[in-house]
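What follows is the residue order along each chain.
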Amino acid sequence: MDGAGGPGEGPAQEALQSLSQRLQVQEKEMELVKAALAEALRLLRLHAPPSPLQDPDTPAPTRDSSPAAPPGLPPTCGPSLVSRGTQTETEVETEPSPGPPGLSNGPPAPQGGSEEPSGTQSEGGGSSSSGTGSPGPPGILRLVQPPQRADTPRRNSSSSSSPSERPRQKLSRKAASSANLLLRSGSTESRGGKDPLSSPGGPGSRRSNYNLEGISVKMFLRGRPITMYIPSGIRSLEELPSGPPPETLSLDWVYGYRGRDSRSNLFVLRSGEVVYFIACVVVLYRPEGGPGGPGGGGQRHYRGHTDCVRCLAVHPDGVRVASGQTAGVDKDGKPLQPVVHVWDSETLLKLQEIGLGAFERGVGALAFSVADQGAFLCVVDDSNEHMLSVWDCSRGTKLAEIKSTNDSVLAVGFSPRDSSCIVTSGKSHVHFWNWSGGTGVPGNGTLTRKQGVFGVRRGWVQCGAGGQSGGGSVGLSTVDPNTTQLATVCDFQSWLFSLTPALCSPLPQKYKKPKFIPCFVFLPDGDILTGDSEGNILTWGRSLSDSRTPGRGGAKETYGIVAQAHAHEGSIFALCLRRDGTVLSGGGRDRRLVQWGPGLVALQEAEIPEHFGAVRAIAEGLGSELLVGTTKNALLRGDLAQGFSPVIQGHTDELWGLCTHPFQNRFLTCGHDRQLCLWDGEGHALAWSIDLKETGLCADFHPSGAVVAVGLNTGRWLVLDTETREIVSDITDGNEQLSVVRYSPDGLYLAIGSHDNMIYIYSVSSDGAKSSRFGRCVGHSSFITHLDWSKDGSFIMSNSGDYEILYWDVVGGCKLLRNRYDSRDREWATYTCVLGFHVYGVWPDGSDGTDINSLCRSHNERVVAVADDFCKVHLFQYPCARAKAPSLVYGGHGSHVTSVRFTHDDSHLISLGGKDASIFQWRVLGAGGAGPAPATPSRTPSLSPASSLDV
């Protein structure tokens, strides 16, 4: 045989290679043809008038071997009309059908006519009705008309002529299979009680215009088809509501304070309001019982920023505020430039936008000048060189700029005596800047730096906390050898070097240079106090330089340490000059708040409880009241004598778990900080919190409200009594993280979705305290992301990480419902699944499948709220089953929004920020509700109702 075949082996091989190449070319041509046909049908539908329905008495062709059709629907088309296998051109052209030929008939059919492979049952992922082929051209509802289908295989057949009969047959089968792919991708108009179109004029645009009357819609995520069946009560997608919802959102309260990683973040305004920030929002908070002021109590919010706020400064008038934001990116990946906003705290109107395009990475520190009534603003950005710039506040023009240092800059401030003197401090440095010239002239000013030297002159005597003091200069005195009388450093600075060692005790030449100097404050006499990472308060004064400690650039003056006091164990994070001239210092490790008098004598102190964290910022309120911000994102109010109590609290790390109480205005949150917190939505306060010891990712209340289930990142889940906070159940399912826990509406079952691709079902006692394993729902090919119970508590709808939509009969034994068509009319107690017919319109164009983190339908089933990956909360009408659905868009979060939930009476919506650790409570306003709705009407960037979401 080898010898016989040898002579013709070369030509035969070349012919096979040529045929193979032609086959590949024709496959690509088929894809283009399919795309062109779908687009043509979409355009025809847009321009053609609706077609009348065929007489409902007209029977549909049936075959004995066809399965029974769903109730109220015509029988399924025969396999000669719709087939997953090879369909010949003759069958496509000649098979009679009173309805639109070539359309899929819904429920799975046996013997090659089924929509799904036998091993896959999902609506999404790779198991939809389009098979395993290409996702195809855009078009959610697609109809392909007979002449077009017939032309397609003929084109491929004519182009595949070859001397070899086998390749011709292969190409013919391939062409027919591609045509069948077009047939399967459409939706029949004869489903759901809808009759086929009568088309007296023959196949044309009228038939394609009827695609809105189909039984399913299809969208694509990352090229994977997701098929969703239309409920039988919807005759046309055009019947569904369009436009943004009449309800709007108004930001009611923000829980949390950004003390974990920021400074210059707490001040008190002239009105008595406390101003601080979290995420992209600057909060103006008036403590309960305080004097009247703008806003009438509670919170007000400045929401002009587009990314996270990093620092604040208050104008000397106590009304104007400057806030600087970090750089970021928008939803398209375009960079958002850092900027400083100067705004009016009474009207919340922006007065000036400073430095747009002038800063890099973010704004790290801000300060208004004091000596000239706040005419200038000093800004330090977060670039590598930490650019220091001075701006005219009224004009928004830059007057001077210079590279500061490559080390971190943590604080900046103008001298209250002289606006030409600016001080910065940070990592291992204190810099004293002189700003000269160019006042009022953009860019003509100059900035020169003098380095703060960590050393002292001979003859200076140290008097630490409680030591001898001579009045004006804190903690330091000198002795006049002629008069033997005490005199201050400032009075005798000109002859300090004349002191002899016999009359004073010289200090060491150098102090230990601290790693960080986080804070400083100006004293009334012009000296400066700094707090450092060694726990020391240093007093800095200006002195003449000498050869041993030269100033920068050969300057004749330098700044040196003239006094030292060891104030805290660990770093000093905050210093505050009080109205009575005393100084407050806040410690990190020791959490102490100390009041210092003249000579750095400790007058009074208090310790902040450990669970609130270290002192981050201090602000003097009205009278003797103090406001203290902590590193665990709490804001405390009180005084040194009576102690402190929290007025604002928050989480300290990324948030994911959220659930609302079934009949109270309370909600529960958990996250990566391992804290489980119950919040009172009416009192705007933390009811209680416990340490989970592990990361909490999801939670849900039992319908009785007596217990709450919490899913952790280790596969464990806990049930806690909401009154006693005791753990009544502790169970582990697998070793993967749990992404969703949900009680059935009757409270008899608990479903737990895991990253091990399973849903664990537990039967629950009437009080929710006891649980026992009922079964497992096995069938997902990726991790569980969302699930919902039906209103009768018998069925579950679930989503997974690979965009599957599966339905389960829980009461019947946790069985997978293979016929998804039967679930199209099922009513769901909640709707949190992000994939489904009723919510597919919320997905934006170009989505990668992870852009929507959470979704929640209101209890009155009128609106649906969406949390996206671009820091936004959206509000859509429900059902949202039209592509390009418009929405109201609300900003404020500075990170991906991880979860949204409506309260039990739909009066409020709760949203969680991810990395910003913020909790927003939005008030839901009705169509006739009063008050502004700070929303941006927006269209979800998606395709038309007749087009697919191919992303």
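Residues numbered from 1 in each chain as written. Predicted model: local features only at pLDDT ≥ 70, side-chain atom pairs only at ≥ 80, totals over all residues. Heavy atoms only, no water.

Per an unreviewed UniProt entry, the protein goes by the name Echinoderm microtubule-associated protein-like 3 isoform X1 and belongs to Ursus maritimus. For the record of the protein, the UniProt heading Subcellular location (unreviewed entry) holds the text "Cytoplasm, Cytoskeleton". According to the UniProt record, the Sequence similarities (unreviewed entry) comment for the protein is "Belongs to the WD repeat EMAP family." (UniProt positions renumbered as here; feature names shortened; annotations may be inferred.)

Trainee: What is the right way to look at the sheet that holds strand β12 (residues 340-344) in this model?
Mentor: In sheet architecture, strand pairing relies on hydrogen bonds along the backbone and comes in two forms, parallel and antiparallel. Strand order in the open sheet made by the 4 strands is β8-β9-β12-β13, with antiparallel pairing throughout. Where the open sheet ends on each side, the last strands, each with one partner, are β8 (309-314) and β13 (350-354). On average, each strand axis in the sheet is inclined to that of its neighbour by 20 degrees, with strand direction left out of account. Pairing analysis gives 5 bridges linking β8 to strand β9 (residues 320-325), with the strands arranged antiparallel. Paired with Cys311 across the two strands is Gly324, which belongs to β9. (Pairing = 2+ DSSP bridges. Helix = DSSP H or I, 4+ residues; strand = E, 2+ residues; numbered from the N terminus. Axes fitted to C-alpha atoms, helices over the stretch in contact; angles between N-to-C directions.)

Trainee: Would you mind going over the pattern of salt bridges with me for this structure?
Mentor: Any two side chains of opposite charge can pair, given that their charged atoms come close. Within the structure shown, the criterion is met by 26 salt bridges. When the shortest N-O distance is used, the salt bridge between Glu827 and Lys791 registers 3.8 Å. Taken as a pair, Glu827 in the loop between β52 (815-816) and β53 (852-857) and Lys791 in the loop between β49 (784-789) and β50 (795-800) lie far apart in primary sequence, 36 residues in all. Residue class for Glu827 comes out exposed when judged on its relative accessible area of 52%. Measuring nitrogen to oxygen at the nearest pair gives 3.1 Å for the salt bridge that ties Glu861 to Lys791. Of the two residues, Glu861 is situated in the loop between β53 and β54 (863-868) and Lys791 in the loop between β49 and β50; the sequence distance between them amounts to 70 residues. The partly exposed category is assigned to Glu861, whose relative accessible area is 30%. (Salt bridge = Lys/Arg side-chain N within 4 Å of Asp/Glu carboxyl O. Buried < 20%, exposed > 50% of the residue type's maximum accessible area, 1.4 Å probe, protein only.)

Trainee: How do you make sense of the pairing of β12 when you look at a structure like this?
Mentor: Looking along a regular strand, one sees side chains alternate from face to face of the sheet. The buried fraction of β12 amounts to 5 of the 5 residues, a majority that puts the element mostly inside the structure. Here β12 shows no split at all, with Val340, Val342 and Asp344 on one side and His341 and Trp343 on the other all buried. Across 5 bridges, β9 lies against β12 in antiparallel orientation. Each residue of the ladder has a partner; that of Ala322, found in β12, is Val342. Direction of pairing for β12 relative to β13: antiparallel, over a ladder of 4 bridges. By the bridge assignment, Trp343 is partnered in β13 with Lys350. Counted between consecutive antiparallel strands, the loop separating β12 from β13 contains 5 residues, among which Leu348 sits at a positive phi close to 60 degrees.

Trainee: Where do I start with the UniProt feature "repeat: WD" (unreviewed entry) in the protein in this structure?
Mentor: Following the UniProt record, one finds the feature "repeat: WD" (unreviewed entry) at residues 648-680, 731-772, 777-810 and 890-924. The span residues 890-924 is 0% helical and 54% strand by assignment, and the distance between its end C-alpha atoms comes to 12 Å.

Trainee: Looking at this structure, how should I read the nonpolar core?
Mentor: Where a protein is soluble and globular, its nonpolar side chains tend to be buried together. With 42 residues, the main nonpolar core has Leu266, Tyr276 and Leu909 as its most contacted residues. When residues of this core are assigned to their parent elements, the largest contribution, 5 residues, is made by strand β3 (residues 248-255). Filtering out sequence-adjacent residues up to four positions away, Leu266 remains in contact with Tyr257, Val274, Val275, Tyr276, Ala617, Ala619, Leu627, Val628, Gly629 and Leu635. Residues Val217, Phe795, Val842 and Ala881 belong to the second largest nonpolar core, which totals 35 residues. (Core = buried A, V, L, I, M, F, W, Y, C linked by side-chain atoms within 4.5 Å. Contact = heavy atoms within 4.5 Å.)

Trainee: How should I be thinking about the side chain of Thr405 in this particular structure?
Mentor: Of note, Thr405 is situated in the loop between β17 (397-403) and β18 (409-414). Residue Thr405 is classed as buried on the basis of its relative accessible area, which comes to 14%. Of the polar contacts made by the side chain of Thr405, one reaches the backbone nitrogen of Asp407; its length is 3.2 Å. Residues contacting Thr405, with those up to four places away along its chain left out, are Asn384, Glu385, His386, His429, His431 and Arg449. (Polar contact = N/O pair within 3.5 Å; in protein donor to acceptor, adjacent residues only side chain to side chain.)

Trainee: Is there a simple way to think about the confidence of the model for the protein in this case?
Mentor: If pLDDT is low for a region, its predicted coordinates should not be looked at in detail. Across the protein, the average pLDDT comes to 76, with 69% of residues at or above 70. Across residues 457-509 the pLDDT falls below 50, and counting only partners more than four positions away or on other chains, this stretch makes 101 contacts in the model. Of the regions scoring below 50 in pLDDT, residues 546-556 engages in 16 contacts with residues more than four places distant in sequence or in other chains. (pLDDT = per-residue confidence, 0-100.)

Trainee: Would you mind showing me how to read the packing of aromatic side chains here?
Mentor: Geometry of an aromatic ring pair is reported as the spacing of the ring centres plus the angle between the planes. Inspection of the entire model under this criterion finds 19 aromatic pairs. Look at Phe667 and Trp679: their rings are 6.5 Å apart centre to centre, the planes differ by 20 degrees, and that puts the pair in the stacked class. Here Phe667 is found in strand β38 (residues 666-671), whereas its partner Trp679 is found in strand β39 (residues 675-680), with 12 residues between them in sequence. In this structure Phe667 comes out as buried when scored by relative accessible area, which is 1%. For Trp679, a relative accessible area of 1% translates into the label buried. Counting every residue linked through ring pairs, the aromatic cluster contains Tyr255, Phe667 and Trp679. The ring of Phe573 carries the charged tip of Arg616 above its face, separated from the ring centre by 4.8 Å. The ring of Tyr821 has Arg824 lying over it, and the distance from NZ or CZ to the ring centre is 4.0 Å. (Phe/Tyr/Trp six-rings, centres within 6.5 Å; stacked < 30°, edge-to-face > 60°. Lys NZ or Arg CZ within 6 Å of the ring centre and 35° of its normal.)

Trainee: Any chance you could explain unusual backbone geometry here in plain terms?
Mentor: For residues other than glycine, phi is negative in most cases, and the peptide bonds are mostly trans. In this chain, Tyr878 is followed by Pro879 through a cis amide linkage whose omega measures -5 degrees. Position of Pro879 relative to the elements: it lies in the loop between β55 (873-877) and β56 (886-890). One non-glycine residue, Arg361, adopts positive backbone phi at about 70 degrees. Take Arg361: its relative accessible area is 49%, and that puts it in the partly exposed class. Phi at Asp906 is positive, roughly 60 degrees, even though this residue is not glycine. Its place among the elements puts Asp906 in the loop between β57 (897-902) and β58 (908-913).

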